[in-house]
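A structural walkthrough
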Amino acid sequence: MCNPEEAALLRLEEVFSATLARVNSYVLQPLLPAAPEPSDPWGRECLRLLQQLHKSSQQLWEVTEESLHSLQERLRHPDSTGLESLLLLRDADRVLQAHIEYIESYTSCMVVQAFQKAAKRRSEYWRGQRKALRQLLSGVSSEGSVSASPGQALHQPLTHHVQQYVLLLLSLGDTIGEHHPTQELVVNAVTLFGNLQSFMKQALDQAAATQALWHTLRGRPRDVLCTPAHRLLQDSQDVPVTVAPLRAERVLLFDDALVLLQGHNVHTFDLKLVWVDPEQDGCTFHLLTPEEQFSFCAKDSQGQAVWQWKVTQAVRQVLRGKKDFPVLGAGLEPSQPPACRCAEYTFRAEGRLCQATYEGEWCRARPHGKGTLKWPDGRNHVGNFCQGLEHGFGIRLLPQASEDRFDCYKCHWREGSMCGYGICEYSTDEVYKGYFQEGLRHGFGVLESGPQAPQPFRYTGHWERGQRSGYGIEEDSDRGERYIGMWQAGQRHGPGVVVTQAGVCYQGTFQADKTVGPGILLSEDDSLYEGTFTRDLTLMGKGKVTFPNGFTLEGSFGSGAGRGLHTQGVLDTAALPPDPSSTCKRQLGVGAFPVESRWQGVYRPFRDFVCAGCPRDLQEALLGFDVQSSRELRRSQDYLCCERTHPEDSVGSMEDILEELLQHREPKALQPYLRKALSNSLHPLGKLLRTLMLTFQATYAGVGANKHLQELAQEEVKQHAHELWAAYRGLLRVALQRKGQALEEDEDTETRDLQVHGLVLPLMLPSFYSELFTLYLLLHEREDSFYSQGIANLSLFPDTQLLEFLDVQKHLWPLKDLTLTSNQRYSLVRDKCFLSATECLQKIMTTVDPREKLEVLERTYGEIEGTVSRVLGREYKLPMDDLLPLLIYVVSRARIQHLGAEIHLIRDMMDPNHTGGLYDFLLTALESCYEHIQKEDMRLHRLPGHWHSRELW
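Residues numbered from 1 in each chain as written. Predicted model: local features only at pLDDT ≥ 70, side-chain atom pairs only at ≥ 80, totals over all residues. Heavy atoms only, no water.

- For the protein, an unreviewed UniProt entry supplies the name ALS2 C-terminal-like protein and the organism Macaca nemestrina.
- UniProt's Subunit (unreviewed entry) comment on the protein is quoted here verbatim: "Homodimer. Forms a heteromeric complex with ALS2. Interacts with ALS2 and RAB5A."
- The annotation that UniProt attaches to the protein under Subcellular location (unreviewed entry) is "Cytoplasm". (UniProt positions renumbered as here; feature names shortened; annotations may be inferred.)

Some points on helix 12 (residues 600-611)
- Its twelve residues place the ends of helix 12 15 Å apart at the C-alpha level, agreeing with the 16 Å of an ideal helix rising 1.5 Å per residue.
- For helix 12, every residue scored as buried is listed here: Gln600, Gly601, Val602, Tyr603, Pro605, Phe606, Phe609 and Val610. (Helix = DSSP H or I, 4+ residues; strand = E, 2+ residues; numbered from the N terminus. Expected span 1.5 Å × (residues − 1). Buried < 20%, exposed > 50% of the residue type's maximum accessible area, 1.4 Å probe, protein only.)

A short note on the packing of aromatic side chains
- Applying the stated criterion across every chain, the model contains 35 aromatic pairs.
- The interplanar angle of 35 degrees and the centroid separation of 5.3 Å between the aromatic rings of Phe285 and Phe296 together place this pair among those described as tilted. Remark: Phe296 occurs in strand 8 (residues 293-298) and Phe285 occurs in strand 7 (residues 284-288); sequence separation between them is eleven residues.
- On the basis of relative accessibility, which here comes to 0%, the residue Phe296 falls in the buried class.
- Seen in terms of ring centroids, Tyr358 and Trp362 are 5.1 Å apart; in terms of plane orientation they differ by 85 degrees. Their pairing is edge-to-face.
- Relative accessible area serves as the criterion here: at 0%, Tyr358 is assigned to the buried category.
- The class for Trp362 is buried, based on a relative accessible area of 0%.
- Members of the aromatic cluster, joined through ring pairs, are Tyr432, Phe436, Tyr459, Trp463, Tyr483, Trp487, Tyr506, Phe510, Tyr529, Phe533 and Phe557. (Phe/Tyr/Trp six-rings, centres within 6.5 Å; stacked < 30°, edge-to-face > 60°.)

Some remarks on the state of the cysteines
- What the rule picks out here adds up to zero disulfides.
- Here Cys109 stays free of any disulfide, with the sulfur of Cys46 as its closest cysteine sulfur at 7.8 Å.
- Cysteine Cys386 remains unbridged, with the sulfur of Cys363 as its closest cysteine sulfur at 9.1 Å. (Disulfide = S-S within 2.5 Å.)

A short note on the pattern of salt bridges
- Scanning all chains against the criterion turns up 35 salt bridges.
- Between Arg364 and Asp277 there is a salt bridge; the shortest N-O distance is 3.8 Å. In this pair, Arg364 sits in the loop between strand 10 (357-363) and strand 11 (366-374) while Asp277 sits in strand 6 (residues 275-281), placing the two residues 87 residues apart along the sequence.
- With relative accessibility at 15%, the residue Asp277 sits in the buried group.
- A salt bridge links Glu723 to Arg607, with the shortest nitrogen-to-oxygen separation between them at 3.0 Å. Separated by 116 residues along the polypeptide, Glu723 in helix 18 (residues 710-738) and Arg607 in helix 12 bring together distant segments of the chain.
- According to the relative accessible area criterion, Glu723 is buried, its value standing at 12%.
- Salt bridges sharing common partners tie together Glu66, Asp91 and Arg94. (Salt bridge = Lys/Arg side-chain N within 4 Å of Asp/Glu carboxyl O.)

Examining helix 4 (residues 92-111)
- Compared with the 28 Å implied by 1.5 Å per residue over 20 residues, the 29 Å span of helix 4 between its first and last C-alpha is a close match.
- When you tally the buried positions in helix 4, you get 15 out of 20 residues, the bulk of the element.
- Within two residues after helix 4, Gln113 carries a phi angle of roughly 60 degrees, on the positive side.

What to know about the confidence of the model for the protein
- Looking at the protein as a whole, the pLDDT averages 86, with 89% of positions reaching at least 70.
- The low-confidence segment residues 139-148 (pLDDT under 50) makes 13 contacts with residues lying over four places distant or belonging to another chain.
- In the predicted structure, residues 630-637 sits below a pLDDT of 50 and forms 20 contacts with residues beyond four places in sequence or in another chain. (pLDDT = per-residue confidence, 0-100. Contact = heavy atoms within 4.5 Å.)

In structure tokens, the structure reads:
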């Protein structure tokens, strides 16, 4: 059974629907002008607002009709259709939204006086419609303004309608009682439409106040401020307030902007970029904007409270993007607006940001977080900001004079300038990858010219305040030479080594990019010059030349136009040939560049990172980042991005890295962990290793592959191993500190050397092996050629003849291991004796680890001894007199290429703790075999009949 209130609601909806239809017919339609459209901008704007109001009116009528239909269905079928079927109850939010959209459209027209302007065009029509309007309105006086009646006709029926909604819904709630199933729906509808009443009253009051404001403004202020979107919230003429330091004559607070008027000057501040300082001083409160700070001072605390509250709520409302409901300050969000927000702003004040537009995150009136800066001249910056300054990773694009050419900086920034690691791609096609400080290259970095540069170059080394300074490597591809040495103020300065593509080496002192004082020059044929030079390394002045055959030429050298090199001196042909180790194997740079200080620019950022406790925000800035970088500059918008690979993408966060490190401290687990860490380019240890590899290749690959640099390279590899172990210990210390623990006391030298040579060096050596072993090959090329010839001569012997030639005692010959065919004799068998030992020794070439090479040598010794024991039928320990000829036999049959280079690399890189032990003894025996094989008399004569073990030592 239906309630009387439902029948009353039905009549209410019928009346309101009919009223909306008449309002549309008698008021809205006549207000809309016939074609053509108004020609002036304000006329077109008023037309747009009236059209929007007409659309909102139509939507409200449609919702009212739907509500009326649901009421009719309820009254026709009360038993089968419940109260919850009423649109007012089941979809109250939708009905509410239609009313809100209508009142907002109406007040927008009201603010710009669209009704009055439209009515003026048809004033005679409105006078004739006065009687019809009186029927629609209650309270329209016959003496009232003709133009006011259409406006009243458009909102007064709505106000009355909503008021009746609330009354009837309240009555309906009382009638059905608290326990009715639809009681909650009724209460919700009562609340919503009650709030709608408050919202409508506030909206109409704000629109009326805004409309009245325009009458008090003249000239430019009115032209600038009079827009349909503005709603006046507070006026300093109503509640006085003074503003400092800008002495404003009038202060206006709109729902989207704060306006300060000074004569004809209008200062407008977007409320999205206004922060209210929560602290206050008496009757004063403070506002922050991107470029200015204001103090608002009221006459009393009440005035101060009104202004501060209204500004705060207006800011909060504009950040929400919609008006509070039902009234200002009644939103569900916190009463204070967030300190951090997103907005766009163009700076006007003079300074580095003048005319720049910032779009992104803000905090307390300063760019803070992620954002984009764009200048009118084409400069762009995308990245992180902190308190108004570039801070963190960012990309800066600087346009150059030539079309579509840019300098692109992908760097870390600190307090507004580049600081930390970065990659810079210049419009000249040069690329810099390295560290910055205060916007200048500083620390370690690599600068490389473009591939099409007229004078291609690559510098790998240290920088200071934008200039090359300290230890560095420069390769001049055009001249085919590489400089290794010290720099100062962008010039070669101090000790240096120059190697050329032709194999010529120079070592001396440079000053202001020129050679000064004496130096030495080694040519490809091992001729040695000691004396003074010109800048292009031409012999000039006093000097001495030592030729490979021992002859010397000492005197004065010079060159003239068209005369070539000429000299005046003494040629000595009586001198003995020089010791090969003094010329052919002479090493350059050793002592001139202390290995501990060469690459401090690479080690230092890692140490700083560890000393800081491995913070995540400094990981990229100090350790660098991986990025796919193109060598061709593209359009600006394509460059405002950087596909960096973050460490978390591969190896997890720094916390995970340190936790994993703690879980693998035990000796058995440590080596696999270090192998994994060093092989991962995103792990801190892997990053450090990759950078060290880059410096090593820049020094010793290509032109730098010169035998006179071998010792410089091998001591560098050892130093890198020590630094990697120190880096691991640093990470371990941080991991323990985070757990509240402390690392055990510093290691003693013996323990550290054991870990470096036994653990780190074998793991990192493969990364440097190619360049390093090449240097050993070049240094020992002469001996290896003699050794190869000796091997070739010995390979002519069948097994038994070779054993006899080497004075191996016959009872040790493994003839029982030989299987002969029917027409084969022992004297013809080749490469069958001691086959297991030979195959074992050949494995020495399959590994780069010095310890594994020594283990191969140990197993070879075991295979030789095992074969002899099997031949004798008993366990037999070989004395040195028997071992050495047998080992020479095995070495000759193994035919290992470049054995001299292998032996010297093992000797230089082996663990010092093995000195004097079994490995040292076996390596010394192998060295003795190598020396005997390469002797000239082995080609023609038998070896001495007796082997002295003392020769090994």
